[in-house]
Amino acid sequence: MKILLVLTKKFTAGGGQSHIINLSKGLIAEGHKVIVAADSGPLINELQASGARFYRLHFCTSINLLGLIVQVFIAVMRLKPDIIHAQSGNAMTVCLPVSKLLGIPCVVTYHGFSPQTYNDRIVSALVPKIITVSEYYKNKLLENGHLKPEQITVIPNGLDFEKYASSLSGKQ
């Protein structure tokens with residue numbers, strides 16, 4: 001399966017970006033092809049070393065929502081993924097119209113919440129499954145009563161022990 005992971009920010013150090021690298025490694029190990037669409041950043045080399053392909057999205061300092069939707073639409077048309085995996089609420093806002101227009105399934109992972117408010121009624125109608133990284137965020141998503149508990153799956157972020165093995169060797 002070809003999976004397009006979409007992040008609507010630079011690929012710099014952060015929990016979501018580390019998650020994407022670890023997720024890419026796991027998906028590739030399972031035989032999937034992974035492409036990450038995001039803006040540039042210092043972690044691109046690490047991502048590509050994992051075997052994932054990087055597709056550059058261009059952003060302005062002030063986010064142009066329509067421009068991002070067009071960029072993701074073009075990326076999906078070129079890359080032809082089997083599934084789109086939006087890596088935040090912002091990415092969901094950009095990916096859902098493309099997903100619905102082209103008939104490609106979309107899953108959303110919430111790594112946390114930005115100050116923006118998302119309309120859970122729209123999300124619950126358009127996204128059959130949402131992933132979040134903790135019970136805390138699951139409960140935050142359920143607070144408004146528009147989402148059903150069965151729509152949300154909690155998958156905590158993992159840790160790549162091999163990455164830190166040399167600094168941990170000999171320590172108990």
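Residues numbered from 1 in each chain as written. Predicted model: local features only at pLDDT ≥ 70, side-chain atom pairs only at ≥ 80, totals over all residues. Heavy atoms only, no water.

Attention now goes to the pattern of salt bridges. Applying the stated criterion across every chain, the model contains 2 salt bridges. Note that Arg56 and Asp39 form a salt bridge whose closest N and O atoms lie 2.9 Å from each other. Of this pair, Arg56 sits in strand β3 (residues 53-56) while Asp39 sits in strand β2 (residues 33-39), placing them 17 residues apart in sequence. The salt bridge involving Lys140 is made with Glu143; its shortest N-O contact spans 3.8 Å. (Salt bridge = Lys/Arg side-chain N within 4 Å of Asp/Glu carboxyl O. Helix = DSSP H or I, 4+ residues; strand = E, 2+ residues; numbered from the N terminus.)

Together, Leu66, Val70 and Ile74 give the surface a local cluster of nonpolar side chains, amounting to about 270 Å² of exposed area. Looking at the secondary structure, you find Ile74 in helix α3 (residues 65-79). The partly exposed category is assigned to Ile74, whose relative accessible area is 36%. (Patch = residues over 30% accessible without salt bridge, like charges linked within 9 Å, V, L, I, M, F, W, Y side chains within 5 Å. Areas by Shrake-Rupley, 256 points an atom, 1.4 Å probe, with all protein chains shown as cover. Buried < 20%, exposed > 50% of the residue type's maximum accessible area, 1.4 Å probe, protein only.)

If you look at the biggest cluster of nonpolar residues, it comprises 30 residues, and the most contacted ones within it are Val6, Val72 and Ile84. Looking at this core, the elements that each hand over two or more residues are β1 (2-10), β2, α3, β4 (83-86), α4 (89-102) and β5 (106-110). Contacts of Val72, omitting those with residues within four sequence positions, involve Val6, Leu57, Val94, Cys95 and Val98. Ranked by size, the runner-up nonpolar core spans 15 residues in total, among them Leu7, Ile20, Ile21 and Phe54. (Core = buried A, V, L, I, M, F, W, Y, C linked by side-chain atoms within 4.5 Å. Contact = heavy atoms within 4.5 Å.)

A word on unusual backbone geometry. Non-glycine residue Lys80 carries a positive phi angle of around 50°. The residue Lys80 is located in the loop between α3 and β4 in this model.

The element β5 is largely enclosed, with a buried count of 5 among its 5 residues. Because side chains alternate across β5, one face comprises the buried residues Cys106, Val108 and Tyr110, and the other comprises Val107 and Thr109, equally buried. On the question of chirality, the crossover connecting β4 to the parallel β5 by way of α4 is right-handed. Where β5 meets strand β6 (residues 130-132), 3 bridges bridge the pair, whose relative direction is parallel. (Right-handed = clockwise from strand over helix to strand, strands pointing away. Pairing = 2+ DSSP bridges.)

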